[in-house]
Amino acid sequence: MTTANAGQPGHQDLMIEGMTCASCVGRVERALKAVPGVQSASVNLATERASVQGDAALDAGALIAAVARAGYTASRVDPAGASEDAQAQRHADELRVLKRDLLLAALLTLPVFALEMGGHLVPAFHHFIAGTLGTQNSWLLQFALTTLVLVLPGRRFYQKGIPALLRAAPDMNSLVAVGTLAAYGFSLVATFAPRLLPAGTVNVYYEAAAVIVTLILLGRMLEAKAKGRTSEAIKRLLTLQAKTARVRRDGSVVELPLEQIGSGDVIDVRPGERIAVDGEVIDGESYVDESMISGEPVPVRKAPGGTVIGGTVNQTGTLGVRATAVGGATVLAQIIRMVEQAQTAKLPIQTLVDRITLWFVPAVMGLALLTFVVWLLFGPQPALTFGLVNAVAVLIIACPCAMGLATPTSIMVGTGRGAELGVLFRKGEALQLLKEAQVVAVDKTGTLTEGRPVLTDLQLADGFARADVLARVAAVEDRSEHPIARAIVGAAQQEGLQLPAVEAFESVTGYGVRAQSGGMRVEVGADRFMQALGLDVAVFGQDAKRLGEEGKSPLYAAIDGRLAAIIAVSDPIKHDTRTAIASLHALGLKVAMITGDNRRTAEAIARQLGIDEVVAEVLPDGKVEAVRRLKAAHGRLAYVGDGINDAPALAEADVGMAIGTGTDVAIEAADVVLMSGSLQGVPNAIALSKATMGNIGQNLFWAFAYNTALIPVAAGALYPHWGVLLSPVFAAGAMALSSVFVLGNALRLKRFQPAKG
């Protein structure tokens, strides 16, 4: 199993620091796309990652420099996992600094708020301050405390917001910087040069500037905490990686860090230990808990010749394991990369959001200026004061943080929950497309069934002996990896037959196999193969009809150009297949089966499982045509398969879903991988897609409707009729709560439960 693009020439993953809102995402993307050789760039606010695709000579240094020119900091993602540790540490440091600055800002702001707002709310308090401290001294104290708030905990907004403004690329920091500086600057004039202001407008708004900074720091801190929780799925997967292992070296066992273990090393695994590498068991017997990969709680027996996966837990016995994959090549490392890629992916809906928000901040600044001018020209006295206060409220209420977080946070939590359920989204778009699926098409062998059929019937033509036919056919089939071939070979081995030597083996796609077996030409395959050879299978007509009605797959064997036998295998249906199909029907989906098996067998299985439509006796290219026909008839289609011959159909489907126990080729062609090998993963994935897209819709509605609805309120649209104005202080609180609501709503996906039939 590999992850598309990871580590390929022309692909770069970058960590981006300093982004605060959706407009930042758009500017970083624009800067990256301007670098020569870049074909596409996708930036994610929630994961703070950029995924860049370009030509083979794509230089990470040029990308990092472009990001720096845009006003942000970039660094390469370490494929070994150190970047995750560094990012986690950076988030922890960021949260610690935010908590410290928030505490300092709150302590400094509280007296300012009490001095100014206390006098407005309680007239007696106003008279008390005027008669003791004095109004001018009160303003001077507020000036000193507010200056400390802006210079110390609030300086981050000016360090980033002002340069962005000067680059004509304003962001959220710019909105906060302009808004607070406007309130602070007006208050400075009122305090130290009141004669410059028109009569009746002399007042201070220090508390607005200080409270805005404090509330936005509170929002940032809550955001940081919630963001940390959205990436817990990756953190949990990382904790599954063992750090050390006991390795057999020169007759002794030594404990080594994981990075010093190579492919071919033999490690000892004791009961209760986590297996450090992917490998093959060479001695010992035990049961291994593979639930982190398969989602299945029942431990799996392991004996010599069996395979184990790094990160799973050995339970009862001691195992000797020869490493076949270590470090970034293990299944667990590849799962982590898959989840990261899905979380970094940009859904089609997000592209539209980013285009809108890229222009949102400049539009808001224009609206704030318009608000100020309209109040100044047409507002009641003191018009200057009204204009200033409402313009600041517009700047603060419209910060597009929630817009930037609405989609990526839901994707992060949704794909992380999917990973916990054994559903891996290799491509983020699948998360959106699955919601729209109308029909699910499934392969039969290895998808609906166990994929480990057993030989049940061997009817011979006149003149042939069972042992000779079975030995020759098994010898040829031993060269094939098809599950039916394994069943035939297994039957021959159980009967203790000696398999003859095989030469000139050939696999005829969609028909069968042929070879020289013990000096005789042997051909094994479907009835169409025999017909292509000019052999009449009608002699076995009654047997074929009976076997097909029993849900068995009839094959034919020809030896030296003569029809020798009809062979039947039965592939048991997986225990949870019926439940999975019932779950798909409960979700309102049609289920179709597309298989190369003969029609009788396919229809027998379809009747047992309640499948709506059957397409049988098709070659690999016929599966592609069947997918196209089903798409035309029903709409969006998801295809589920596990074999090499499923790869074209997986690629043709709107969403390709590969059973994780299948072949690498099928997994590479798929958009979603079902790690457990269970069909129940399909309704789980579709239900999760519906839940995630619904969650994104709620977030976007809240973010857009909230921001756009409150901008007119902040501008004073309600004042002429109802005398209602939105204080900048309340605007700051509302803006912070908007982001926290979006993050909290996304985190509800962590409680998503699998679909039930």
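Residues numbered from 1 in each chain as written. Predicted model: local features only at pLDDT ≥ 70, side-chain atom pairs only at ≥ 80, totals over all residues. Heavy atoms only, no water.

The protein is annotated in an unreviewed UniProt entry as Heavy metal translocating P-type ATPase from Stenotrophomonas capsici. Checking UniProt for the protein, the heading Sequence similarities (unreviewed entry) contains the comment "Belongs to the cation transport ATPase (P-type) (TC 3.A.3) family. Type IB subfamily." (UniProt positions renumbered as here; feature names shortened; annotations may be inferred.)

Draft legend 1. Representation of the sheet that holds strand β7 (residues 266-269). What the six strands build is an open sheet, ordered β6-β5-β7-β13-β8-β11; its pairing is antiparallel. The outermost strands of the open sheet, each flanked by one partner alone, are β6 (252-257) and β11 (307-308). Pairing between strand β5 (residues 244-249) and β6: six bridges, direction antiparallel. Residue pairing for β6: R246 is matched across the bridge by E255. (Pairing = 2+ DSSP bridges. Helix = DSSP H or I, 4+ residues; strand = E, 2+ residues; numbered from the N terminus.)

Draft legend 2. Layout of the packing of aromatic side chains. Scanning the model with the defined rule gives 11 aromatic pairs in all. Centre to centre, the rings of F186 and Y205 are 5.9 Å apart; their planes meet at 55°, and the pair counts as tilted. Residue F186 is located in helix α7 (residues 172-192), and its partner Y205 is located in the loop between α7 and α8 (206-230); the two are separated by 19 residues in the primary sequence. There is no split in this pair, since F186 and Y205 are both buried. Seen in terms of ring centroids, F540 and Y556 are 6.4 Å apart; in terms of plane orientation they differ by 40°. Their pairing is tilted. Of this pair, F540 sits in the loop between α19 (527-532) and α20 (541-549) while Y556 sits in strand β20 (residues 553-559), and the two are 16 residues apart along the sequence. Looking at Y556, the relative accessible area reads 4%, which means it is buried. (Phe/Tyr/Trp six-rings, centres within 6.5 Å; stacked < 30°, edge-to-face > 60°. Buried < 20%, exposed > 50% of the residue type's maximum accessible area, 1.4 Å probe, protein only.)

Draft legend 3. Summary view of the UniProt feature "transmembrane region" (unreviewed entry) in the protein. Mapped onto the present numbering, the UniProt feature "transmembrane region" (unreviewed entry) falls at residues 102-122, 128-152, 173-192, 204-222, 356-378, 384-407, 700-719 and 725-747. Counted over residues 204-222, helix gives 89% and strand 0%. Its end C-alpha atoms are 30 Å apart. In the segment residues 725-747, helix accounts for 87% and strand for 0%; the C-alpha atoms at its two ends are 33 Å apart.

Draft legend 4. Quick peek at the environment of R49. For R49, the position within the fold is in strand β3 (residues 49-54). Here the alpha-carbon distance between R49 and D13, two residues 36 residues apart in the chain, equals 7.0 Å.

Draft legend 5. Molecular detail of the pairing of β7. Here β7 shows a buried face lined by V266 and D268 and a second buried face lined by I267 and V269. In this structure, β5 lies alongside β7, joined through two bridges in antiparallel fashion. Among the inter-strand pairings, V247 is bridged to a residue of β7, identified as I267. Taken together, the four bridges between β7 and strand β13 (residues 319-325) define a ladder with antiparallel strand orientation. Residue pairing in the sheet places I267 in a bridge with V321 of β13.

Draft legend 6. Broad picture of the packing of α20 against helix α22 (residues 599-609). Where α20 contacts α22, the axes come no closer than 7 Å and their chain directions differ by 25°. One finds that α20 runs roughly parallel with respect to α22. Seen from above, α20 lies across α22 with right-handed handedness. Of the residues in α22, those touching α20 at A544, K545, G548 and E549 are R600, T601, A604 and R607. For the contact of α20 with α22, the class distribution of residues is two nonpolar, two polar and four charged. (Axes fitted to C-alpha atoms, helices over the stretch in contact; angles between N-to-C directions. Parallel < 35°, antiparallel > 145°, perpendicular 65-115°, else oblique. Left-handed = near helix turned anticlockwise from the far one by under 90°. Contact = heavy atoms within 4.5 Å. Nonpolar A, V, L, I, M, F, W, Y, C, P; charged D, E, K, R; others polar.)

Draft legend 7. A look at a nonpolar patch on the surface. On the surface, a cluster of nonpolar side chains totalling about 770 Å² of accessible area is made up of L367, L369, L370, V373, V374, L376, L377 and F378. Mapped onto the secondary structure, L376 falls in helix α13 (residues 360-378). For L376, a relative accessible area of 40% translates into the label partly exposed. (Patch = residues over 30% accessible without salt bridge, like charges linked within 9 Å, V, L, I, M, F, W, Y side chains within 5 Å. Areas by Shrake-Rupley, 256 points an atom, 1.4 Å probe, with all protein chains shown as cover. Salt bridge = Lys/Arg side-chain N within 4 Å of Asp/Glu carboxyl O.)

Draft legend 8. Quick peek at the pairing of strand β9 (residues 286-289). Where burial is concerned, the two faces of β9 differ: the one with S286 and V288 is buried and the one with Y287 and D289 is not. With three bridges joining them, β9 and strand β10 (residues 300-302) adopt antiparallel strand pairing. The residue bridging V288 from the neighbouring strand is V300, located in β10. Across two bridges, the pairing between β9 and strand β12 (residues 313-314) is antiparallel. Across the sheet, V288 pairs through a bridge with N314, a residue of β12.

Draft legend 9. Quick look at the sheet that holds β10. Reading across from one edge, β10-β9-β12 is the order of the three strands in this open sheet, with antiparallel pairing throughout. A single partner strand is all that each edge strand has here, and the edge strands are β10 and β12.

Draft legend 10. The arrangement of the pattern of salt bridges in detail. Tallied over the full model, the rule gives 25 salt bridges. For R546, the salt bridge is made with D457, and the minimal N-O distance between the two is 3.8 Å. With R546 in helix α20 and D457 in strand β16 (residues 454-460), the pair connects residues that are 89 residues apart, well separated along the chain. A relative accessible area of 11% places D457 in the buried class. For R472, the salt bridge is made with D468, and the minimal N-O distance between the two is 3.0 Å. Within this pair, R472 and its partner D468 are both found in helix α17 (residues 466-477), separated by four residues, close to a single helical turn. By relative accessible area, which is 34% here, D468 ends up partly exposed.

Draft legend 11. Fine view of the packing of helix α26 (residues 681-715) against helix α28 (residues 728-747). Where α26 contacts α28, the axes come no closer than 9 Å and their chain directions differ by 175°. Here α28 runs roughly antiparallel to α26, going by the angle between their axes. On α28, the residues that touch N695, Q698, N699, W702, Y706 and N707 of α26 are A734, M735, S738, F741, V742, N745 and A746. Taken together, the residues of the contact of α26 with α28 sort by class into seven nonpolar, six polar and no charged.

Draft legend 12. The environment of V43, seen in detail. Here V43 shows up in strand β2 (residues 38-44). As for V43 and E29, which are separated by 14 residues in sequence, their C-alpha atoms are 6.1 Å apart.

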